[in-house]
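An overview of the molecular structure
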Amino acid sequence: MNILHISPYFPSTKANHAGGVCMGKEIETLQKWHQVYVLTFEASEFDAGLKKEYAEDDHYHSVKINKFTRMVHVTLEPWMPNYFAARSSFRFAWKLICLVKKYKIHAIHAEYASMGQYLWIRRLFPDLKFNITEHDMTAQSYERKVGDSHGLKKAYLGFQLGRVLEKEGKYCKKADRVFTFNQKDKRLIEEKYHVQNCQVLNPYYGIEDDVVGNDVAESRMTKSKGIKAADPETGTQPYTLCFLGQMGRDENYQAAMRLITIAERVKKQIPQLQIYIVGNRPPEKLKQKENQWIHVTGFVEDVDIYLKTAALAVFPLTLGAGIKLKVLRSLAMGTPVITGKVGAEGIDEAYQVLIPAETDEEYEAQILDQLLHPEKRALCAAKTRNYIREHFSW
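Everything numeric in this text was worked out from a predicted model, so none of it was measured. (Residues numbered from 1 in each chain as written. Predicted model: local features only at pLDDT ≥ 70, side-chain atom pairs only at ≥ 80, totals over all residues. Heavy atoms only, no water.)

For the structure on display, the rule yields eleven aromatic pairs. Ring geometry for Tyr 83 against Phe 84: centres 6.0 Å apart, planes inclined by 50°, an arrangement best described as tilted. Looking at Tyr 83, the relative accessible area reads 28%, which means it is partly exposed. The exposure class of Phe 84 is buried, given its relative accessible area of 0%. When the ring of Tyr 276 is compared with that of Tyr 306, the centres are 5.8 Å apart and the planes differ by 55°; the resulting orientation is tilted. With Tyr 276 in strand β9 (residues 274–278) and Tyr 306 in helix α13 (residues 304–309), this pair connects stretches of sequence that are 30 residues apart. With respect to class, Tyr 276 is no different from Tyr 306; both count as buried. Taking the ring centre of Tyr 83 as reference, the NZ or CZ of Arg 87 above it sits at 4.3 Å. Above the ring of Tyr 142, the side-chain terminus of Lys 145 is found at 5.2 Å from the ring centroid. (Phe/Tyr/Trp six-rings, centres within 6.5 Å; stacked < 30°, edge-to-face > 60°. Buried < 20%, exposed > 50% of the residue type's maximum accessible area, 1.4 Å probe, protein only. Helix = DSSP H or I, 4+ residues; strand = E, 2+ residues; numbered from the N terminus. Lys NZ or Arg CZ within 6 Å of the ring centre and 35° of its normal.)

Turning to the packing of helix α11 (residues 250–269) against helix α16 (residues 360–372), a few remarks are in order. Packing of α11 against α16 brings their axes to within 10 Å, and their N-to-C directions diverge by 50°. Our classification of the angle between α11 and α16 gives oblique. When the axes of α11 and α16 are compared, the crossing they make is right-handed. Within the contact between the two elements, α11 uses Arg 258, Leu 259, Ile 262, Arg 265, Val 266 and Gln 269 and α16 uses Asp 360, Glu 361, Tyr 363, Glu 364, Ile 367 and Leu 368. (Axes fitted to C-alpha atoms, helices over the stretch in contact; angles between N-to-C directions. Parallel < 35°, antiparallel > 145°, perpendicular 65-115°, else oblique. Left-handed = near helix turned anticlockwise from the far one by under 90°. Contact = heavy atoms within 4.5 Å.)

With that settled, consider the nonpolar core. In terms of nonpolar packing, the biggest core is built from 61 residues, with Leu 241, Ile 277 and Ile 367 touching the most fellow members. Residue contributions to this core peak at eight residues, all from α11. Aside from chain neighbours lying at most four places away, what touches Leu 241 is Leu 259, Leu 273, Gln 274, Ile 275, Tyr 276, Leu 312, Val 314, Ile 367 and Leu 371. In terms of nonpolar packing, the next biggest core, distinct from the first, is built from 44 residues, Ile 6, Ile 108, Phe 125 and Met 137 among them. (Core = buried A, V, L, I, M, F, W, Y, C linked by side-chain atoms within 4.5 Å.)

Attention now moves to the environment of Leu 331. Relative to the helices and strands, Leu 331 is located in helix α14 (residues 325–332). Through-space distance from the C-alpha of Leu 331 to that of Lys 308 is 9.7 Å; in sequence the pair is 23 residues apart. Apart from residues lying up to four places away in sequence, Leu 331 is in contact with Val 337, Ile 347, Val 353, Leu 354, Thr 384, Arg 385 and Ile 388.

What follows covers helix α5 (residues 90–102). Residues spaced three or four apart along an α-helix point in a common direction, a consequence of the helix completing one turn every 3.6 residues. Relative to the 18 Å expected for 13 residues at 1.5 Å per residue, α5 spans 18 Å between its end C-alpha atoms, a close match to the ideal helical length. Residues Phe 92, Ala 93, Leu 96, Ile 97, Leu 99 and Val 100 constitute the buried set of α5. Check the buried side of α5 and you find it contacts β1 (2–7), β2 (35–42), β3 (60–64), β4 (107–111) and α6 (121–124). Of the residues flanking the start of α5, the one acting as N-cap is Ser 89, its side-chain oxygen 3.4 Å from the backbone nitrogen of Arg 91. (Expected span 1.5 Å × (residues − 1). Polar contact = N/O pair within 3.5 Å; in protein donor to acceptor, adjacent residues only side chain to side chain.)

Our focus in this paragraph is the sheet that holds β9. The six strands are arranged β10-β9-β8-β11-β12-β13 in an open sheet whose pairing can be described as parallel. One side of each edge strand has no neighbouring strand; the edge strands of this open sheet are β10 (294–298) and β13 (355–356). Of the strands in this sheet, β8 (237–244), β11 (310–315), β12 (337–339) and β13 are in contact with α16, which crosses β11 at around 165°. (Pairing = 2+ DSSP bridges.)

Let us look at the environment of Ile 6. Inspection of the secondary structure puts Ile 6 in strand β1. Accessibility expressed as a relative area gives 0% for Ile 6, which makes it buried. For the pair formed by Ile 6 and Gly 116, sequence separation is 110 residues and the distance between their alpha carbons is 9.7 Å. What Ile 6 contacts, discounting residues up to four positions off in sequence, is Leu 39, Phe 92, Leu 96, Ile 108, His 109, Ala 110, Glu 111, Met 115, Tyr 118 and Phe 130.

A few words now on the sheet that holds strand β6 (residues 177–180). The strand order across the open sheet built from seven strands is β3-β2-β1-β4-β5-β6-β7, with neighbouring strands paired in parallel fashion. Where the open sheet ends on each side, the last strands, each with one partner, are β3 and β7 (198–200). Neighbour-to-neighbour, the strand axes of the sheet open up by a mean angle of 20°, direction not taken into account. Both β6 and β7 contribute to a ladder of three bridges, which runs parallel. In the strand pairing of β7, Phe 179 is matched with Gln 199. Each of β2 and β3 is contacted by helix α2 (residues 45–53), which is oriented at about 150° to β2, the strand it contacts most.

Of all eight residues in β2, seven are buried; the element is thus mostly enclosed. As defined by bridge partners, β2 adjoins β3 across five bridges and the pair is classed as parallel. Considered in β3, the bridge of Phe 41 is made with Val 63. Read as a crossover between parallel neighbours, the route from β2 over α2 to β3 is right-handed. (Right-handed = clockwise from strand over helix to strand, strands pointing away.)

None of the figures reported here should be taken as evidence of function without further support.
Okay, here's the thing in structure tokens:
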């Protein structure tokens with residue numbers, strides 16, 4: 001079977017964000033049995049770098065977009081949610097038609113609800129199957145943003161939520177199959193959109209082969225931005241916190257700023273504390289927080305080394321929806337994770353291995369408890385790896 005994989009950004013196991021890595025592993029797996037072609041947007045310098053690596057591979061195709069082209073489509077398509085309209089492109093649509101013809105595509109695998117807008121392709125090719133993978137339920141993300149906003153922003157987001165409910169529901173109903181990454185999203189989509197063709201796709205792939213030993217970790221650290229030497233016995237930095245995320249996304253930016261506020265209180269009791277905020281496109285306000293103990297790395301070649309050597313991964317998320325791949329990746333690295341309901345959903349809502357916290361005071365107390373009791377932290381780390389092997393292996 002010939003499959004065309006379409007996505008809003010470049011999928012690759014070399015990607016600097018969990019979603020891109022997950023998509024990359026999906027493609028690698030499908031390639032064992034099928035011919036898989038990729039059509040994606042090239043929306044950043046990082047995407048452009050990945051495109052160069054695949055330049056000689058005719059299975060990979062991309063269309064460049066920038067802020068200007070996204071604004072044009074948002075203006076020209078007021079009936080679409082802005083988030084979806086920013087993924088519209090006449091060139092992408094034309095290339096989609098050409099690739100389906102050229103490679104005699106049997107099925108399209110669309111990543112994220114926003115890519116469901118290209119379902120119209122089936123009018124030209126009636127035998128074509130079209131599947132959508134919902135990395136998260138977009139409407140739930142907007143519902144949380146509306147609840148967290150006030151005034152004109154709340155009104156604007158409420159209007160956008162209405163558009164999202166209309167379009168996301170339409171795409172899910174028309175798709176041949178909808179995949180989610182957890183049972184919670186499957187249930188939400190079935191109940192809200194009355195969809196019957198939905199099933200769960202394991203979002204993770206197990207990284208037993210990817211976890212580096214301490215000797216390799218030490219050599220990688222010399223190439224990483226600002227990272228300190230780890231304890232040779234444990235392989236971690238005993239008083240270090242890590243936050244991972246695409247920092248251009250508002251939910252990650254807000255959570256990182258919140259973590260810094262919490263950590264400032266922890267620092268008074270543990271002077272050795274260090275924090276690494278790891279991820280591409282950090283806003284200027286976040287970068288201004290950087291000092292001798294707060295490290296805002298921006299893009300890094302290897303996100304895993306920061307997770308591997310951190311004593312704790314802390315994700316004080318209040319926005320966003322769906323399964324958080326950064327939480328899964330931290331657990332797979334054997335790094336204890338402190339997070340709330342938003343971070344735990346679809347992964348460990350009973351808190352068998354995750355460390356629960358909701359308020360700033362609870363986060364502060366849990367961080368202090370874990371950092372001051374290394375034996376408790378070591379026990380938690382062992383449980384996290386086993387939990388991932390049992391529930392999220394590919």
